[in-house]
Structure formats: C-alpha cells, structure tokens
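# Secondary and tertiary structure notes
Residue-level listing of the chains:
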Amino acid sequence: MKRDVTGSEKWRLFLTGQDVGPMVSPLCDDWTIDVPYRWPFPEPDPFPPGHGDAILSEQMAMAGVCGWDATFLCGGGFIPAREEARPKTKVTPMPGGGNRVEHCYTTPYGDLTCITEAKTSMHTVKQYVETEEDLRRLAWVIRAEAKYNDDEIIADGWRRKKALRERGLMGTWFGPPVGNSLPSDEKMFYLAADYPEAFADVSAAQFDLACMQVDLLAKAGFDYLFYCVNGTEWGSPTFFREHMQEPTRKIFKRWHEQGGVVLWHSCGHVKAYVELGFFNDLMPDILETLSEPPVGTVPSLAWARPQLDRRIATKGNMPLNILLEGTPEDVRADVNRIRTQTAGYRHIVGLSDDLLKNTPIANALAFVDEARRPV
C-alpha cells in the first residue's frame, strides 16, 4: 500500500478486496479516553468544544491520537420543511420537581401525542403509537415529513466531509424503516398483529421516506449507513423476515447503486441471524459485532466467520470491560484471540460496542499496536 494513502482511500481499497494490511477500528462516538481532549493535527480544530458538531472533532482526535482506521458518525440533518410535520412541545413543571413534556402532532385524524416525565430519571407515560387510530395518524405524519430543505442538507453534509479531510469514511445512523417511528418494545409486535392493514400503511410510508433520505445522504457526501438492527433480545427472526428483510434489501440496493457502503451494527443476540443466513442474503459490506456471551449469543468468531460470505468484512469483538478495566497485556491477548479466530478472512479488529468513558489511553494504544503487528 502507498505510504501517502488517505484514511478514506484505505477503506475503499480494503472494501474492494485489496490487501492494505491489518485493519483496526473501534466504534467511537466521542472522546472517551482518560486524558483531556486535545486536537492532534496541525490545522485548526474545525469543531472545537461547544460547537454543534464537536463530536466529529472528538472522533477525529481520538483516531489521530490512538492511530486506528477511522469511521465517523454524524446526523443526517433531516428536519422536516413543513411545520405540520414537526411536533409542538409543551413543558409543565411537576410538583416536587421535574417536568412533564408533551409532544403533539396535529393531524386531520386527530392529535398524535407522546408524554414523558423526568425527575431523577425519565420515563414515557404515553407513547406516540398505542392504537389503530394512532397508526393512521402516524402514517399521515410520515408522509407530511417527506419534504426537506434539500440544499441545506447537502451543503451541511459536504461542510462536514470537507472538515474530515479524507481521514476516514463519513456515515450516519439508519435502520429498517418499520422500526424508525414505532415503539421499540413489545407494543410494535402487538400493533403488527392486531392492526395489520394500518401497520402495513405505516411501513410503506416509512419505506418511501427512507428511500428519499438515502438519496439525500448520497448527494450530501455520506459514505456509509450505520445500519442498526436489533438482535433476538428485542425481536424475532420471524418478525424480521416478515417486516424488515425486503425493505432492507431494497434500501441496500439503492444505496449500493449510489456508491455507498453498509456497515451493519447488531451488538447483541445475532446467532440466529447467522444460522438463518440473513447476513449472506442481504450482504452488508461490514458486519459488527458478532459478540459472544454474556453480551451476545455468538459462540465465537471462529464459529461465525466460516458461515458468513467471504465478501462480508466482519468487525469486532473485544469485550468492552477488557479495554476499560484490563491491563495492556490483557488487551494484547484478546486482540490475538480475535486475529487467531479470523485468520484467513477479511476482519477488522474492533469492539463489542462503543468505547466506554475513561478507557485508559494505554489500553487504547496497546489495542491498536497489537492489531497492527504483522503476523
């Protein structure tokens, strides 16, 4: 590999199957090592502390200080242009402290509301969607949302990408459309079973919106979708097959046709998804984290990797407690476990989820150094 290759170029070469040497890339949202924040590059910090995009600078700085292959995450900026697609918010102080917050959409079919209360912690008193009527209202809201200030989103994406200076790939959070606007608990499954027609209408509206968003993200310079999918700790393979598999397939096709990369993130129970061939069917470019017990259900990387299509690059799966609480020697030993179990496959040394706060810098440096060591 050329010495002057950029971080973005290295990722592109790796993803097209070329040998770029060992890859190491923990999931990193912000500054999490146990030393004060510092900007390690010669040019001025583009998003210093207090800036709205400060987490991007923190992600760049973490990669610069620790030396890993960076992927960057930032929001897509999808603020509806139409006022009726934005909820009105009412905050009411509660006796004894805290606030009751009501978010309300006004639709032709009645109000769609969500109520939360927060004192020492926050809990949801009423979710947006609890009845068939709520599903009808939600479908209207989603279709009303399907108009953005496209030029602003595109300009904002390229502003961020310019600041990244080709240090790595720029992505944003995404996921199966059916789960983007519905309750994430058991209510979603009851809604699908009790009101199939209204549920299908919401799903169709959300899919159309997702396609519009994917097209805008491509125009805004985003490189990858951080495609978050719950494992079987939250759902079931049957629900995924019936409500998520085909929309996901179409979104991946649409995104790939525009040159985008898919990084599938499931940090929990995915053993059944491996066994049922979901990943091989849908073919994300990168799959993380294939976590082992107690975090996940995958017996081992050595068990999972031979069952996955060789074109899929896997990523993971050091337990976070080792990086947070172990010694540098513990970290190096686990990196070697990962590399041994994935020898001969395209694998990126990573974690079982996002870096935890106050991770020792000595451990982060040992993690990268051992992952870079030639075998």
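Placed above this text is the structure.
Everything numeric in this text was worked out from a predicted model, so none of it was measured.

## So, the sheet that holds strand 6 (residues 122-126)
Across the sheet, four strands lie side by side as 3-4-5-6; this open sheet has antiparallel pairing. Unpaired on one side and paired on the other, strand 3 (88-93) and strand 6 mark the two borders of the sheet. The average undirected angle you get between the axes of adjacent strands in this sheet is 20°. Two strands pair when backbone bridges link them, and strand 4 (residues 99-107) and strand 5 (residues 110-118) are joined in this way by nine bridges, in the antiparallel orientation. Looking at the pairing, H103 lines up with C114 of strand 5. Together, strand 4, strand 5 and strand 6 form the strand contacts of helix 3 (residues 132-145), whose direction differs from that of strand 5 by roughly 100°.

## Observations regarding the pattern of salt bridges
Inspection of the entire model under this criterion finds 29 salt bridges. Its salt-bridge partner being K10, residue D69 comes within 3.0 Å of it at the nearest N-O pair. One end of the pair, D69, is in the loop between helix 2 (54-66) and strand 2 (70-73); the other, K10, is in helix 1 (residues 7-15), and 59 residues separate them in sequence. Pair check on accessibility: D69 and K10 agree, each one buried. Each of the salt bridges in this network shares a partner with another, and the network as a whole consists of D53, D156, R159 and R160.

Cut-offs applied
Residues numbered from 1 in each chain as written. Predicted model: local features only at pLDDT ≥ 70, side-chain atom pairs only at ≥ 80, totals over all residues. Heavy atoms only, no water. Pairing = 2+ DSSP bridges. Helix = DSSP H or I, 4+ residues; strand = E, 2+ residues; numbered from the N terminus. Axes fitted to C-alpha atoms, helices over the stretch in contact; angles between N-to-C directions. Contact = heavy atoms within 4.5 Å. Salt bridge = Lys/Arg side-chain N within 4 Å of Asp/Glu carboxyl O. Buried < 20%, exposed > 50% of the residue type's maximum accessible area, 1.4 Å probe, protein only.

Remember that the coordinates give geometry; whether it matters functionally is a separate question.
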